[in-house]
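Take a look at the letters that make up each chain.
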Amino acid sequence: MPEVKKSTAKGGGPGKAIVVEKVDSHANDPFVVKKVARAKEMVSKLKFSDSLMK
Amino acid sequence: MNFEHYSYITDNDFKDYLFFSSGPKGRIKKGVVYTRIRDKPIVYNLAFGDVDPVTGEIDDNIISNNLDRDIVLATVANTIHDFCNRYGNHYIFATGSNPARTRLYQMNISRLLDEICIDFEVYGVIGDQEYKFQRNVNYDGFLVKRK
């Protein structure tokens, strides 16, 4: 794991991440891909009431 | 959440986060990945699990039992803040890889609900409908949105 400490996240919230040059992405890991596919299916069915669409 | 948490790293994409759990089972590498899964409204999926030391891949079927549940949960919650700082306060969806794991997530949310609700709106999903999260109701998944 990289130990290079670059900066902390900027923005409106209390994020505290150490931002490094490169983090190996796990977006294409089989577990993640499978989970995203299932999540897409579940979330696509959600109606989202008007109050939640704001 | 004002709980103790682990230091965690990300890069300028702010979609992948890594940290180490520390406890009786040693140091266990954990990963959090955000993936956009819907527009209108925008929803991102949160995938979380141990990084398998052999394959190097995330897997949430591993039960590490490192006696640091709340510290790990607080760390994941903190990554939501970093993610939202970068991408905005959109809905974030999470569910377990199986019903037992979803139930475990639900118990953890229930236990810490008052604290979580300070910063986040929390909804439970049953089928095609979302509901304001309530304790003692079984959900298929969860939506959170930073206030």
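Residues numbered from 1 in each chain as written. Chains lettered and ligands numbered in written order. Predicted model: local features only at pLDDT ≥ 70, side-chain atom pairs only at ≥ 80, totals over all residues.

Novice: Residues and numbers for the overall build of chain B, please.
Specialist: A count of helices and strands for chain B gives three helices and nine strands. Each helix and strand of chain B, placed in order from N terminus to C terminus, yields the pattern β-β-β-β-β-α-β-α-α-β-β-β. Scaling as 2.2 N^0.38, a compact globule of 147 residues should have a C-alpha radius of gyration of about 15 Å, and chain B matches this with 15 Å. C-alpha atoms of chain B, sized along the principal axes, occupy 40 × 35 × 30 Å. Burial analysis of chain B (147 residues in total) assigns 39% to the buried set. Within chain B, contacts between residues separated by at least 24 positions form 51% of all contacts whose residues are at least 6 apart in sequence. (Helix = DSSP H or I, 4+ residues; strand = E, 2+ residues; numbered from the N terminus. Rg over C-alpha atoms; globule rule 2.2 N^0.38 Å. Buried ≥ 20, exposed ≤ 12 C-beta atoms within 10 Å, placed from the backbone. Contact = placed C-beta atoms within 7 Å.)

Novice: Pulling in residues and values, what's your account of the nonpolar core?
Specialist: By size, the foremost hydrophobic cluster in this structure holds 47 residues, and its most contacted members are L46(B), I92(B), F93(B), F142(B) and L143(B). Not counting residues within four places of it along the chain, the set of residues in contact with L143(B) comprises Y91(B), I92(B), F93(B), Y123(B), V125(B) and E130(B). (Core = buried A, V, L, I, M, F, W, Y, C linked by C-beta atoms within 7 Å.)

Novice: So what about the environment of F48(A)? Which residues, and what values?
Specialist: Mapped onto the secondary structure, F48(A) falls in the segment after α1 (30–44). Under the C-beta neighbour-count criterion, F48(A) is labelled partly exposed, with 17 such atoms within 10 Å. Residues F48(A) and P30(A) lie 18 residues apart in sequence; the distance between their C-alpha atoms is 29 Å. In contact with F48(A), not counting residues within four places along its chain, are M53(A), P41(B) and E130(B).

Novice: Explain the confidence of the model for chain A to me, and be specific about the residues and the numbers.
Specialist: Residues and elements named next belong to chain A. Residues of chain A with pLDDT of at least 70 account for 72%, and the chain-wide mean is 79. Looking across chain A, the model is least confident in strand β1 (residues 7–8), with a mean pLDDT of 41, and most confident in α1, with 96. Confidence drops under pLDDT 50 across residues 2–12; counting only partners more than four residues distant or on other chains, this segment forms 26 contacts. (pLDDT = per-residue confidence, 0-100.)

Novice: Before we move on, can you summarise the confidence of the model for chain B with the specific residues and values?
Specialist: Residues and elements named next belong to chain B. Summarising the model, chain B shows a mean pLDDT of 93, and 99% of its residues fall at 70 or more. Looking over chain B, one finds the lowest element-wise mean pLDDT in strand β5 (residues 58–59), namely 90, and the highest in strand β6 (residues 91–94), namely 98. For this predicted complex, the interface confidence comes out at an ipTM of 0.90, alongside a pTM of 0.90.

Novice: Talk me through the interface of chain A and chain B; I want residue IDs and the actual numbers.
Specialist: Contacts between the two partners involve 37 residues from chain A and, on the opposite side, 42 residues from chain B. Among the secondary structure elements, those contributing two or more residues to the side of chain A that touches chain B are β2 (18–19) and α1 of chain A. Of all the elements, α1(A) adds the most residues to the side of chain A that touches chain B, at ten residues. Here the side of chain A that touches chain B is composed, by residue class, of 21 nonpolar, seven polar and nine charged. Taken together, the two bridges between β2(A) and strand β1 (residues 8–10) of chain B define a ladder with parallel strand orientation. Bridged to I18(A) within β1(B) is I9(B). (Nonpolar A, V, L, I, M, F, W, Y, C, P; charged D, E, K, R; others polar. Pairing = 2+ DSSP bridges.)

Novice: Let's hear about the pairing of strand β3 (residues 26–38) of chain B: which residues, and what values?
Specialist: Side-chain positions along a regular strand alternate between the two faces of the sheet. Residue and element names in this part refer to chain B. Taken together, the eight bridges between strand β2 (residues 16–23) and β3 define a ladder with antiparallel strand orientation. Residue G23 lies in a different strand from β3, and its bridge partner there is G26. Counting the residues in the hairpin turn of β2 and β3 gives two residues. Where β3 meets strand β4 (residues 43–51), eight bridges bridge the pair, whose relative direction is antiparallel. Across the sheet, residue R36 finds its bridge partner in β4, namely Y44. Counting the residues in the hairpin turn of β3 and β4 gives four residues, including K40, whose phi is positive at 50°.

Novice: Describe helix α1 (residues 69–87) of chain B, with residues and values.
Specialist: All names here are of chain B. For α1, which comprises 19 residues, the first-to-last C-alpha distance of 27 Å matches the rise-based estimate of 27 Å (1.5 Å per residue) to within 8%. The complete set of buried residues in α1 reads V72, L73, T75, V76, N78, T79, I80, H81, D82, F83, C84 and N85. Looking one or two residues past α1, G88 carries a phi angle of roughly 100°, positive in sign. (Expected span 1.5 Å × (residues − 1).)

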